[in-house]
Amino acid sequence: MGTVHAKEGPAGLAGENLTESFGSYAKDASHELPEKKVTEIDLEGVKARVDTIHIDGLERTKDDIVEDCIRELFKAKDFQDVLLKAHKARVKLDELGCFKNISVFIDTSKGSKATSDGLEVTFNVKEHRRITGGVSTHVGNNEGALLVGMRAPNMFGRGERVQVEYSHGSKKSSNFNIAFIKPFRGKHRPILTASVFQSHSEWATSGYKQLERGLLFDLGFHSTSLLKHNLQWEGNIRDFSVLGRTTSFEVRKESGLSLKSSLKHILSVDLRDELIFPSSGSFFQLTSEVAGLGGDVGFLKNDLFVQGNYSLKEDIVLQGCLSAGFLTRLSNDLRVSMADAYFLGGPLTLRGFRQRGVGPHSDGDALGARGYWAAGAHLFTPLPFRPGRGGFGDLFRTHGFVNVGNVGDFRIAKDGNLLDTLKHNLRVSYGLGVALRLGNMARLEVNYCFPYIFDKGDQTQPGIQFGIGVQFL
Amino acid sequence: MSLIEKISIELGAQEPWPKDVKLFQPYEVEQILLPDNANCLAVQAFLKMCHLDYTVEPKPNAEAMSPTLKVPFIKAGRFVIAEVEGIVQFINGKGITLTEKLDSEQKTDLRAFMSLLHNVMEIAELYVCWVDQETYNEITSFRHGSVYPWPLNHIQNRSKRNQVIKKLSAMNWYKKTLEDVFEEVDKCCEALSTRLGDGHYFFEDGPTELDALVFGHLFTILTTPLPKNDLAEIIRKYPMLIALVERIEKQYFKKETEH
């Protein structure tokens with residue numbers, strides 16, 4: 001992954017010499033965008049145009065999709081523009097998922113057709129092999145999992161890929177998934193995914209396990225450069241069964257097969273500067289799901305997740321999160337399974353409570369409810385006295401938090417106040433802890449929690465609580 | 001039976017018969033199949049013979065809800081117990097029994113005939129429902145699939161059929177022809193009829209779980225219309241068995257309509 005790297009050069013150099021020196025600098029491949037130092041020599045003032053673009057290393061990738069990625073580069077008018085657009089082109093090429101290595105060289109153009117300000121840009125790419133595979137670990141939902149995967153990238157030369165994945169989690173969940181992914185050309189950057197899956201999950205806190213087998217079609221596209229949409233259809237046969245003899249009869253009643261066919265729309269905007277410990281920016285995700293187009297499961301579900309980050313001082317970040325969901329039954333003929341309901345509690349949502357520990361229970365098994373809302377406020381700071389600053393220590397944050405939430409079958413009475421309904425029987429917890437960034441994909445937390453307000457049926461977990469996952473409240 | 005189950009039955013024994021006992025079974029009109037119906041009816045007959053109160057709770061997913069994945073099952077207080085044997089044992093544990101006057105030889109007889117019904121009558125019913133093409137196409141596939149939406153009904157019919165065929169193969173029944181099956185049923189009925197003789201019930205002292213099970217199977221076969229009526233015809237050859245079925249029906253099931 002080499003890129004354009006601009007360093008300061010003696011000011012007042014003639015355009016031609018300057019570009020030459022950039023050409024040679026480009027060879028110490030590094031990952032930075034032109035830094036601010038660049039402006040010292042006012043690259044915008046240096047006129048430039050791209051005469052030719054070479055792509056080296058193309059084997060089975062088709063020309064048209066590569067051309068789409070680099071076309072913009074020809075429109076560059078000055079040297080800074082060339083650098084930025086070359087970087088953008090590189091990102092786009094990378095997004096195609098066809099290449100494992102991309103490096104960029106910029107040189108003055110030579111030859112009979114060369115113009116006076118002319119540049120020659122060369123992309124050196126290395127394509128993925130026909131089949132790649134690997135074993136890795138991944139993290140989600142307070143569970144670690146071992147993942148075995150195989151991919152056939154760029155099958156027909158336009159970024160199409162087939163991937164097969166199997167994962168086995170530490171909490172007895174297992175997943176098998178075959179997906180065909182096809183990116184399309186166009187300004188909305190649509191990507192079509194068709195997959196077949198089988199997944200098994202066990203929920204000890206609710207006393208049931210579920211085996212799902214189904215099909216998923218997903219169309220992802222951007223309506224503006226930041227607004228991302230996913231339109232999905234899912235057809236899913238779900239086999240719900242109890243974990244043992246002691247499981248509550250309320251859960252046992254739900255046993256059996258159901259067929260869910262649902263349409264889902266996910267809208268997301270991610271303006272955060274970083275995924276795990278953002279210091280600024282916000283994230284917004286709205287999910288709507290309608291089930292009942294065929295099958296015997298019917299509901300309308302709306303889910304919201306919002307996260308905002310505000311940097312108070314260098315390295316001290318205030319974070320606020322809100323998530324909420326509401327399920328509406330569509331008809332009495334269509335079922336709503338317990339597996340569709342909302343649960344609250346646990347280290348990823350309402351800390352200080354056991355997993356699914358809030359809300360209606362029967363014989364110790366969480367039953368779920370039609371609606372929930374929960375919010376969290378965090379103050380993130382670096383570790384006290386900053387050990388390992390600039391290195392290992394930067395993976396850690398200390399944080400203080402307050403979590404608030406409620407779960408229940410909220411009914412909006414005609415004369416009632418929605419806010420009163422949501423506030424009734426509120427749960428609050430607070431605490432302190434240390435958070436660790438695992439790669440750029442997950443967060444690990446060890447907290448000392450104090451449940452502050454809770455219902456007598458709730459399962460609290462005061463004291464030390466351990467959480468691992470991607471999306472926290 | 002696992003230790004936990006045994007303990008749960010032991011513990012359950014110490015409590016009296018609760019008031020809100022429910023018997024869960026599939027929908028009688030549109031869903032239930034011959035072998036399941038026979039077992040559900042047998043349990044009902046047994047409960048009535050013991051003068052125990054219960055209410056029938058039809059559920060489309062009764063089979064999946066059952067702890068052994070077989071119907072019927074009862075919910076008595078905190079306990080969930082499935083199948084004829086399990087339920088009989090659970091009730092015996094409460095000190096309610098229909099076999100206290102039998103000597104050990106008679107008890108052995110009772111057990112032998114119970115298992116004959118399970119291993120011949122029930123298997124024959126399964127064979128007719130799932131292997132005989134005509135019955136499967138005209139009755140079984142519709143009834144079994146009726147509670148699932150398309151295309152789950154076809155998937156479920158197929159998977160259940162494979163399951164039954166596997167069971168029949170293991171018992172060496174799958175290779176039999178329909179005639180062989182009818183012959184087995186005939187033999188079974190003959191044995192039952194000989195044991196019954198002229199008696200009112202299989203044992204002199206009154207009805208037992210064996211009478212309940214025989215009633216369950218024979219009554220269901222006699223009253224269920226099927227494309228092939230041969231099973232009912234075979235039973236009709238044994239008037240003593242028919243008389244037993246009528247006797248039990250009159251004594252334990254007709255009362256409800258009189259109220």
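Rules behind the numbers
- What you see as residue numbers is a count from 1 along each chain, following the sequence as written.
- Going through the entries in the order they are written, you letter the chains from A and number the ligands from 1.
- Reporting of local features is limited, given that this is a predicted model, to residues whose pLDDT is at least 70; pairs of side-chain atoms are given and counted only at 80 or more, and all residues count toward the totals for whole chains, interfaces and linings.
- Each side-chain value is worked out from all heavy atoms of the structure, with water and hydrogens disregarded.
- UniProt positions are given in the numbering used here, feature names are shortened, and annotations may be inferred rather than shown by experiment.
- Secondary structure elements follow DSSP: runs of H or I of four or more residues count as helices, runs of E of two or more count as strands, with numbering from the N terminus.
- Note on definitions: a residue-residue contact is assigned when non-hydrogen atoms from the two residues lie within 4.5 Å.
- Two N or O atoms form a polar contact when they lie within 3.5 Å of each other; inside protein one atom must be a possible hydrogen donor and the other a possible acceptor, and for residues adjacent in sequence the pair counts only when both atoms belong to side chains.
- By definition, no residue in a patch forms a salt bridge, and every one has over 30% relative accessible area; like charges are joined within 9 Å, nonpolar side chains (Val, Leu, Ile, Met, Phe, Trp, Tyr) within 5 Å.
- To measure how exposed things are, a 1.4 Å probe is used in the Shrake-Rupley method; for residues, cover is taken only from the protein chains shown.
- A pair is scored as a salt bridge if a Lys or Arg side-chain nitrogen falls within 4 Å of a carboxyl oxygen belonging to Asp or Glu.
- Buried area: the accessible surface (1.4 Å probe) lost by two parts on joining, summed over both.
- One bridge is not enough; two strands pair if DSSP finds at least two bridges between them.
- Lines fitted to the C-alpha atoms define the axes, with helices restricted to the stretch that makes contact. Angles between their N-to-C directions range from 0 to 180 degrees.
- For the exposure calls, accessible area comes from a 1.4 Å probe over protein chains only, and a residue counts as buried if that area is under 20% of its type's maximum, exposed if over 50%, partly exposed in between.
- Any angle between 65 and 115 degrees counts as roughly perpendicular, while under 35 counts as roughly parallel, over 145 as roughly antiparallel, and the rest as oblique.
- Left-handed describes a crossing whose near helix is turned anticlockwise from the far helix by less than a right angle; the clockwise case is right-handed.
- Ten residue types, Ala, Val, Leu, Ile, Met, Phe, Trp, Tyr, Cys and Pro, are classed as nonpolar, four, Asp, Glu, Lys and Arg, as charged, and the remainder, Gly among them, as polar.

- The name an unreviewed UniProt entry assigns to chain B is Metaxin-2, from the organism Phaedon cochleariae.
- Under the Sequence similarities (unreviewed entry) heading, UniProt states for chain B: "Belongs to the metaxin family."
- Per UniProt, chain B carries the Subcellular location (unreviewed entry) text "Mitochondrion outer membrane".

- In the nomenclature of an unreviewed UniProt entry, chain A corresponds to POTRA domain-containing protein from the organism Phaedon cochleariae.
- For the record of chain A, the UniProt heading Subcellular location (unreviewed entry) holds the text "Mitochondrion outer membrane".
- The heading Sequence similarities (unreviewed entry) in the UniProt record of chain A holds the text "Belongs to the SAM50/omp85 family."

Observations concerning the environment of V358 of chain A
Residue and element names in this part refer to chain A.
So, step 1. By secondary structure assignment, the location of V358 is in the loop between β14 (316-329) and β15 (361-362).
So, step 2. The spatial distance from the C-alpha of V358 to the C-alpha of G457 is 7.7 Å, given a sequence separation of 99 residues.
So, step 3. Once residues lying within four places of it in the same chain are set aside, the contact partners of V358 are L344, G345, L350, F353, V407, R427 and D458.

A word on the side chain of S248 of chain A
All names here are of chain A.
So, step 1. When you line up the elements, S248 lands in the loop between β10 (227-242) and α4 (249-252).
So, step 2. Here E250 takes part through its backbone nitrogen, which lies 3.0 Å from a polar atom of the side chain of S248.
So, step 3. When near neighbours in sequence (up to four residues on either side) are disregarded, S248 contacts S362, D363 and D365.

Observations regarding a nonpolar patch on the surface
Residues and elements named next belong to chain A.
So, step 1. Residues V135, L146, V148, Y166, F176, I178, V196, L215 and F217 make up a contiguous nonpolar surface patch of roughly 760 Å² in combined accessible area.
So, step 2. Elements with a minimum of two residues in the nonpolar patch: β5 (143-152), β7 (174-183) and β9 (208-222).
So, step 3. Within the secondary structure layout, Y166 lies in strand β6 (residues 161-169).

Let's talk about the interface of chain A and chain B
So, step 1. With 13 residues of chain A at the contact, the number on the chain B side is 18 residues.
So, step 2. Between chain A and chain B the total buried area reaches about 1300 Å² when both faces are included, carbon and sulfur atoms providing 70% of it.
So, step 3. Counting across the interface, chain A meets chain B through zero salt bridges.
So, step 4. Taken together, the connections running from chain A to chain B amount to four residue pairs in polar contact (both at pLDDT 80 or more).
So, step 5. Contributing elements (two or more residues each) for the side of chain A that touches chain B: α4 and β11 (256-270) of chain A.
So, step 6. The element contributing the most residues to the side of chain A that touches chain B is β11 of chain A, with four residues.

Regarding the sheet that holds strand β1 (residues 22-25) of chain B
Residue and element names in this part refer to chain B.
So, step 1. Pairing is mixed across the open sheet formed by four strands, whose spatial order is β2-β1-β3-β4. For this open sheet the edge positions go to β2 (55-58) and β4 (79-82), each flanked by a neighbour on one side alone. Pairs of neighbouring strands in the sheet enclose a mean axial angle of 25°, with direction left out of account.
So, step 2. Strands β1 and β2 of the sheet are contacted by helix α2 (residues 34-49), whose axis makes an angle of about 165° with β1.
So, step 3. Sheet strands in contact with helix α4 (residues 84-93) are β3 (73-76) and β4, and its direction is about 135° off that of β4.

Some remarks on the side chain of D296 of chain A
So, step 1. Structurally, the position occupied by D296 of chain A is in the loop between β12 (281-295) and β13 (299-313).
So, step 2. Within the structure, the side chain of D296 of chain A is placed 2.8 Å from the backbone nitrogen of L259 of chain A, a separation counted as a polar contact.
So, step 3. Residue contacts for D296 of chain A: discarding those within four places in its chain leaves L257, S258, L259, L334 and R335 of chain A together with P149 of chain B.

Section: the UniProt feature "domain: POTRA" (unreviewed entry) in chain A
So, step 1. Taking the UniProt record as the reference, the feature "domain: POTRA" (unreviewed entry) is found at residues 48-128 of chain A.
So, step 2. For the annotated span residues 48-128 of chain A, helix accounts for 31% and strand for 35% of the residues, and the straight-line distance between the end C-alpha atoms is 33 Å.

Describing the pattern of salt bridges
Residue and element names in this part refer to chain B.
So, step 1. Per the counting criterion, the structure on display carries 30 salt bridges over all chains.
So, step 2. Between E134 and K228 there is a salt bridge, and its shortest N-O distance comes to 3.0 Å. With E134 in helix α6 (residues 133-145) and K228 in the loop between α9 (209-223) and α10 (230-236), the pair connects residues that are 94 residues apart, well separated along the chain.
So, step 3. Its relative accessible area of 33% is what places E134 among the partly exposed residues.

Comments concerning the packing of α6 of chain B against helix α7 (residues 152-170) of chain B
Residues and elements named next belong to chain B.
So, step 1. It is the contact of α6 with α7, at a shortest axis distance of 10 Å, that shows an interaxial angle of 125°. With respect to their mutual orientation, α6 and α7 come out oblique. Relative to α7, the crossing made by α6 is right-handed. Between α6, through Q133, Y136, S141, H144 and G145, and α7, the contact on the second element is made entirely by N153, Q156, N157, R158, K160 and R161.
So, step 2. When its residues are assigned to classes, the contact of α6 with α7 shows one nonpolar, seven polar and three charged.

Let's talk about the sheet that holds strand β2 (residues 99-108) of chain A
Pairing between the strands of a sheet is mediated by backbone hydrogen bonds and can be parallel or antiparallel.
All names here are of chain A.
So, step 1. If you trace the three strands from one edge of the open sheet to the other, you get β1-β3-β2, paired in mixed fashion. Lying at the two open borders of the sheet, with one neighbouring strand each, are β1 (49-56) and β2. Averaged over all adjacent pairs, the angle separating strand axes in this sheet is 20°, with direction ignored.
So, step 2. Pairing analysis gives nine bridges linking β2 to strand β3 (residues 118-127), with the strands arranged antiparallel. Bridge pairing in β3 links I102 to V125.
So, step 3. Strand contacts of helix α3 (residues 79-95): β1, β2 and β3, with the helix running at about 165° to β2, the strand carrying the most contacts.

Quick word on the UniProt feature "domain: Metaxin glutathione S-transferase" (unreviewed entry) in chain B
So, step 1. UniProt records the feature "domain: Metaxin glutathione S-transferase" (unreviewed entry) for residues 186-248 of chain B in the present numbering.
So, step 2. Secondary structure over residues 186-248 of chain B splits into 68% helix and 0% strand, and the C-alpha atoms at its two ends are 22 Å apart.

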